[in-house]
Amino acid sequence: MPLTEVWGALTILVGCPLLGGIPVAAWIVRLLSGRQLRELGTGNVSVSAAFYHGGPLAGSLTVLAEAAKGVGAVLLARAFGLDATWELVGLAALVMGRYWLTQGGGVTNVVWGYVAYDWRVALLTVLISGAGFTVVRERQSGRLLVLILFPLLTALLGHAASEVAAAGVLAGLIYWIGQRIPDDLALKADSSHPDSGKVFNFFQAGRGLLTLDQPLDRLKVGAKAARLADLKRQGYAVPPGWVLPPGDDVETLLEYLEPSLASPLVVRSSAIGEDSESVSAAGQYASVLNVTTHRELREAVAHCLASYDQPQARRYRQDLGEGQEAENAMALLVQQQVRGLFSGVAFSRDPVNGGDYVAIETLPGGASAVVSGRVTPLRYQVSSSTVRRSGGSTRPSQPEPPTDLLQQVAQVARELEAKAAGVPQDLEWTWDGEQLWLLQARPVTTLLPLWTRRIAAEVIPGLIRPLTWSVNQPLTCGVWGNLFRLVLGGRAHGLDFSRTATLHRSRAYFNATLLGQTFQRMGLPAQSLEFLTRSAEQGRSAPGRPPWRSTFTNLPGLWRLLRREWSLSRDFTGDERRLFSPTLAQLALAPPQTAEQALAQADQILAVLEQATYYSILAPLSLALRCKLLGVSEAQLGGEQTPEVMALRELFALAEEMRSLAVRHEPSEIDQTDQTDLFAQLQQTPAGQAAVRKFEAFLARYGYLSEVGTDIAVPTWREQPEPVRQMLVSAVFNPPAAAQRQDLGNTWQLQRCRARARLKGRVSEIYSRLLAQLRACFVTLEAQWLSQGRLAQAGDIFFLSLAEIRQGDLDWRSRVAERRQQFDQDAQFTPPPLVYGNVVPVVVAPDWQSAAQPTSALQGIGASPGQFTGTVRVLATLSAVAVDRQTVLVVPYTDAGWAPLLAGAGAIVAEAGGQLSHGAIVAREYRIPAVMDLAGATQILRDGQRVRVDGSQGTVEIL
């Protein structure tokens, strides 16, 4: 044999096993999912394991990699000029290497290696075995047929005897390995040991069952089984289980499960639609415990399946709209029954009022006694640090569960709630003395939808009157709904976007459940909206990347949305020229004089506001998205083009001019009389009179601003100029620090983001001006109704809805009086950040003073960098107060109308807002440290306290 062939043979015998042993499946699964195949399922590093534990993408990539190995072994033999027999020897060496080093079967290597060896053999094998499998319909026989065809077709196609022998050896090797390694796609736990993890190959046992060890689709096997499978993959202790989808052969269950007295089974329903976020179906379907024989198993299966068609179950589905499921839509879930010392149920939130603790009910023994309702269980309320008995069984001999167990149950309940995007969870659990087992987990449907103040507290802060809400709610929900439909297309069916937002105790809340469902259909994490609008919040992790499949599915809709984003500036410029500016000009020239004119103009403005609302929502989202994608921080944007910063600059320039005309003393010698008489002093000289006229021009230019720009019930600066006048006087005698400008560069990324920031400023001005004009219409209408005696006092009209106002000539005084009384009560109410369901709990204000001891640090969002130590001044509403550079101003929110007051403070702390909020922009412009989104700040912090504000870390430390 030539030396080259000798080296080739050695390379084949040594290199091919090493090539086969390269764990490409493990690498691919680890890269795409972070999971270790060696620690999962069978421990095999195989194609089936990649599909089973890593998903379709990981499995497909593994197939390509293993196919390349098989082809490579054949081509390696040819490269050395070896006889064709060595090509099959190389495949055999490759397969042995895979088996020795990674516990892989090597079927993929052989199939594709045979394509390279002789594509005719491979093609005929596929065709004949495929036809044969349609006849025998049994995987073991089908696989044996493939192994027989390889050497048989090799001989029939005229290959040498040595090649036929090598093909026979290769087929035998594949069969031998297949008998010794289990298949991850057909896992089955040993029925005699719930935690043994034993598996066997269903190629030997016939048709396989779905198990809780693999990913399950809730639309095919029900949410109960799918959720338990998901929990098990996450590492929670779930008893081994097997699942039979609706319509599958029940004999499969009966043939392979082996109940016994030592290892009883429980048969449970997992109906399609059961345990969803909208329907629990609790108690509607049967479960059978203590199944110890095959006869009992058969009876339990029949009983569970029959329960789906019971009259009460049918009526339940029809009442809740769940009667559209396919016939026989009942999956069966069979699990090992755990002998529990204590069992029970746990609600991650109190199911009655959503209290901030975990509610647990428990009894000794199995969980069925607790959920049956026949025995009164022990009840506990568990917080992060305490376990409190809250009622239940009063039997003196009743044993109580260990405190550590209750805390462990509570911890798991809160973990699952957090993983479910904040949706409260109902757990059924049992404890065998060593291990806490999860038997069921589902949403608490009575606590849905979940309403959140986050974002809503910034978009429309404070208490909201009925008229404001009846205008804003349909506009906002309509625009969001249109955007979501744009992306989802037909998949938006069934989502009611009119319920995107609601009022609870006169405060706005967003429907987190609806938004979560929307983003799930888009294939995105449920927190995506919040993360997108607050992309740089500290202390909050970014949501994970969406799966590639959902991204691909959403490409048409995302492309439509992206086209809208690309053309946003052009579209707005066109609408501004065609629609917004002409409408505002027309309204300014012809203010309404009568009730009829006021209503007509209001309808005209509302029609224009629908388009303006679209821009007011999409422009901030576009800015946040561009900043995130281009790596631009909010601090680099500047605030030159925002209405609040432009107004501030003009106001402070006017204050500087007035100071030169009016100040005759040192600032320390100025008393309140001098400040009050400033405008009177200015009127005494022509130059001073000119300065006063400039202030009047300032009000004409920025008079549309108010304390809450999105609330038409709040008077504008033009209507109530006194707070702005006092801010101007304060700036004259206590000059704020000059705005600090720095060169932040001019890269193309900055240019793109700054252009969007300028667009956002233009949109904000147009939107606020339209709302100010709308308010003027209702103020005119109110004056008419006051003169007619239909209303009692100024501001009453804002306690009516738009629909009520359009009803015509009615006396609304009694209804308004009731709503004013409720509004005043709501003003004393501390709004919770989350509301579960539609009942707002009565929140008892915590003892903030005892909770916030000296040196305690409060965490918010860093919105403007820098540190400052000063004295707290708490303001619940915008008012004319003296604020100097030693003041830490604590406010509930920071709309554009607050800007002059904010700029005079030494630091800013706000309960609501993010890094793109009005207050954050002003703070960065004037280099004022600022912390936003600090819940309860106006109650925790008190006037006169000394605090240290860190705008970089987002903390406030009480000294």
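Fair warning: this is a prediction, and the values are worked out from it, not measured in the lab.

Caption draft 1: Summary view of the packing of helix H23 (residues 555-566) against helix H25 (residues 595-630). Put simply, H23 and H25 touch, their axes get as near as 10 Å, and they point 95 degrees apart. In terms of orientation, H23 and H25 fall into the roughly perpendicular class. Residues Arg564, Glu565 and Trp566 of H23 lie in contact with H25, whose contacting residues are Tyr614, Leu618, Ser622 and Arg626. Class assignment for the residues of the contact of H23 with H25 results in 3 nonpolar, 1 polar and 3 charged.

Caption draft 2: How the structure looks around the side chain of Arg626. On the secondary structure map, Arg626 appears in helix H25. On the basis of relative accessible area, Arg626 is assigned to the buried category, the value being 18%.

Caption draft 3: Spatial organisation of empty space enclosed by the protein. All told, the structure shown has 8 cavities of 30 Å³ or more when counted by the stated rule. Looking at the second largest cavity, it is lined by 12 residues, and the ones nearest its centre are Met727, Ser730, Ala731, Pro900 and Gly904. Where the lining of the second largest cavity is concerned, the elements lending two or more residues are helix H26 (643-662), helix H30 (722-733) and helix H35 (899-903). Here the lining of the second largest cavity takes 3 residues from H30, the largest share from any one element.

Caption draft 4: Structural context of the sheet that holds strand S3 (residues 265-271). Spatial strand order, S1-S2-S5-S3-S4: 5 strands in an open sheet with antiparallel pairing. Strand pairing shows two members of the sheet lacking a second neighbour, strand S1 (210-211) and strand S4 (287-291), which therefore form its edges. Set on the sheet, helix H12 (residues 223-233) makes contact with strand S2 (241-244), S3 and strand S5 (330-336); between it and S3 the angle comes to about 115 degrees. Lying over the sheet, helix H14 (residues 294-307) contacts S3, S4 and S5, oriented at roughly 170 degrees with respect to S4.

Caption draft 5: Seen up close, the environment of Leu82. Examined against the element boundaries, Leu82 turns out to sit in the loop between helix H4 (56-79) and helix H5 (85-102). Overall, the relative accessible area of 10% leaves Leu82 in the buried class. Expressed as a C-alpha distance, the spacing of Leu82 and Ala9, which sit 73 residues apart in the sequence, is 7.8 Å. For Leu82, the contacting residues outside a window of four places in its chain are Glu5, Gly8, Ala9, Ile12 and Ala77.

Caption draft 6: Looking closely at the packing of aromatic side chains. Enumeration over the complete set of coordinates arrives at 15 aromatic pairs. Measuring from centroid to centroid gives 5.8 Å for Phe572 and Phe580, while their planes differ by 40 degrees, and the two rings are tilted. Ring geometry for Phe698 and Trp717: centres 6.1 Å apart, planes at 25 degrees, overall stacked. A residue pair is termed long-range when its members are at least 10 positions apart, and Phe698 in helix H29 (residues 686-702) and Trp717 in the loop between H29 and H30 qualify at 19 residues. Residue Phe698 shares its accessibility class with Trp717, and that shared class is buried.

Caption draft 7: How the structure looks around the side chain of Gln440. Within the element layout of this structure, Gln440 appears in strand S11 (residues 436-443). For Gln440, a relative accessible area of 6% corresponds to the buried category. Within polar-contact distance, the side chain of Gln440 engages the side chain of Arg268 at 2.6 Å.

Caption draft 8: Looking closely at the pattern of salt bridges. Applying the stated criterion to the full structure yields 24 salt bridges. Between Glu66 and Lys69 there is a salt bridge, with the nearest N and O atoms lying 3.4 Å from each other. Taken as a pair, Glu66 and Lys69 lie in helix H4 at a separation of 3 residues, close to a single helical turn. One exposure class covers both Glu66 and Lys69, and it is buried. Among the ionic pairs, Glu576 bridges to Arg762, the shortest N-O distance being 2.8 Å. Of this pair, Glu576 sits in helix H24 (residues 568-589) while Arg762 sits in helix H31 (residues 748-787), and the two are 186 residues apart along the sequence. Looking at Arg762, the relative accessible area reads 31%, which means it is partly exposed. The network of salt bridges with shared partners includes Glu66, Lys69 and Arg98.

Caption draft 9: Structural detail: the confidence of the model for the protein chain. Residues of the protein chain with pLDDT of at least 70 account for 79%, and the chain-wide mean is 79. When the criterion is pLDDT under 50, residues 322-328 qualifies, and its contacts beyond four places in sequence or with other chains add up to 12 contacts. In this model, residues 665-673 is a region of pLDDT below 50 whose contacts with residues beyond four sequence positions or in other chains number 6 contacts.

Caption draft 10: The arrangement of the pairing of strand S19 (residues 887-891) in detail. Burial within S19 is extensive, with 5 of its 5 residues counted as buried. The two faces of S19 match: Thr887, Leu889 and Val891 on one face and Val888 and Val890 on the other face are all buried. For strand S18 (residues 867-874) and S19, the ladder comprises 4 bridges, and the chain directions are parallel. Pairing of Val874 across the sheet is with Val890, part of S19. Sheet topology note: the S19/strand S20 (residues 907-910) ladder contains 4 bridges and is parallel. Looking across to S20, one finds that Val890 is bridged to Val909.

Caption draft 11: Region of interest: the sheet that holds strand S14 (residues 507-511). Across the sheet, which stays open at both edges, the 4 strands sit in the order S13-S14-S12-S15 with antiparallel pairing between neighbours. Among the strands making up the open sheet, the edge pair consists of strand S13 (501-504) and strand S15 (834-836). Between one strand axis and the next, the sheet turns through 35 degrees on average, direction left out of account. With 2 bridges connecting them, strand S12 (residues 450-452) and S14 associate as antiparallel partners. The residue of S14 that forms the bridge with Trp451 is Asn511. Most of the contacts of helix H19 (residues 466-488) go to S13, to which it runs at about 150 degrees, and overall it touches S13 and S14.

Caption draft 12: Seen up close, a nonpolar patch on the surface. A grouping of Val107, Val111, Trp112, Val115, Trp119, Leu123, Leu124, Leu127 and Ile128 is seen on the molecular surface, where their side chains present a nonpolar patch of about 790 Å² in accessible area. Here the nonpolar patch takes 5 residues from helix H7 (residues 119-136), the largest share from any one element. For Val111, the position within the fold is in helix H6 (residues 107-117). Take Val111: its relative accessible area is 32%, and that puts it in the partly exposed class.

Caption draft 13: Representation of unusual backbone geometry in the model. Phi is positive for Arg505, which is not a glycine, with a value near 50 degrees. Relative to the elements of secondary structure, Arg505 occurs in the loop between S13 and S14. Classification of Arg505 by relative accessible area gives partly exposed; the value is 28%. Backbone geometry places Ser506, a non-glycine residue, at a positive phi of 70 degrees.

The rules behind the values
Residues numbered from 1 in each chain as written. Predicted model: local features only at pLDDT ≥ 70, side-chain atom pairs only at ≥ 80, totals over all residues. Heavy atoms only, no water. Axes fitted to C-alpha atoms, helices over the stretch in contact; angles between N-to-C directions. Helix = DSSP H or I, 4+ residues; strand = E, 2+ residues; numbered from the N terminus. Parallel < 35°, antiparallel > 145°, perpendicular 65-115°, else oblique. Contact = heavy atoms within 4.5 Å. Nonpolar A, V, L, I, M, F, W, Y, C, P; charged D, E, K, R; others polar. Buried < 20%, exposed > 50% of the residue type's maximum accessible area, 1.4 Å probe, protein only. 1 Å grid on protein atoms, 1.4 Å probe; cavity = no way out; pocket = protein on both sides within 12 Å on 5 of 7 lines; lining within 4 Å. Points joined across faces, edges and corners; volume = space filled by probe spheres on them. Pairing = 2+ DSSP bridges. Phe/Tyr/Trp six-rings, centres within 6.5 Å; stacked < 30°, edge-to-face > 60°. Polar contact = N/O pair within 3.5 Å; in protein donor to acceptor, adjacent residues only side chain to side chain. Salt bridge = Lys/Arg side-chain N within 4 Å of Asp/Glu carboxyl O. pLDDT = per-residue confidence, 0-100. Patch = residues over 30% accessible without salt bridge, like charges linked within 9 Å, V, L, I, M, F, W, Y side chains within 5 Å. Areas by Shrake-Rupley, 256 points an atom, 1.4 Å probe, with all protein chains shown as cover.

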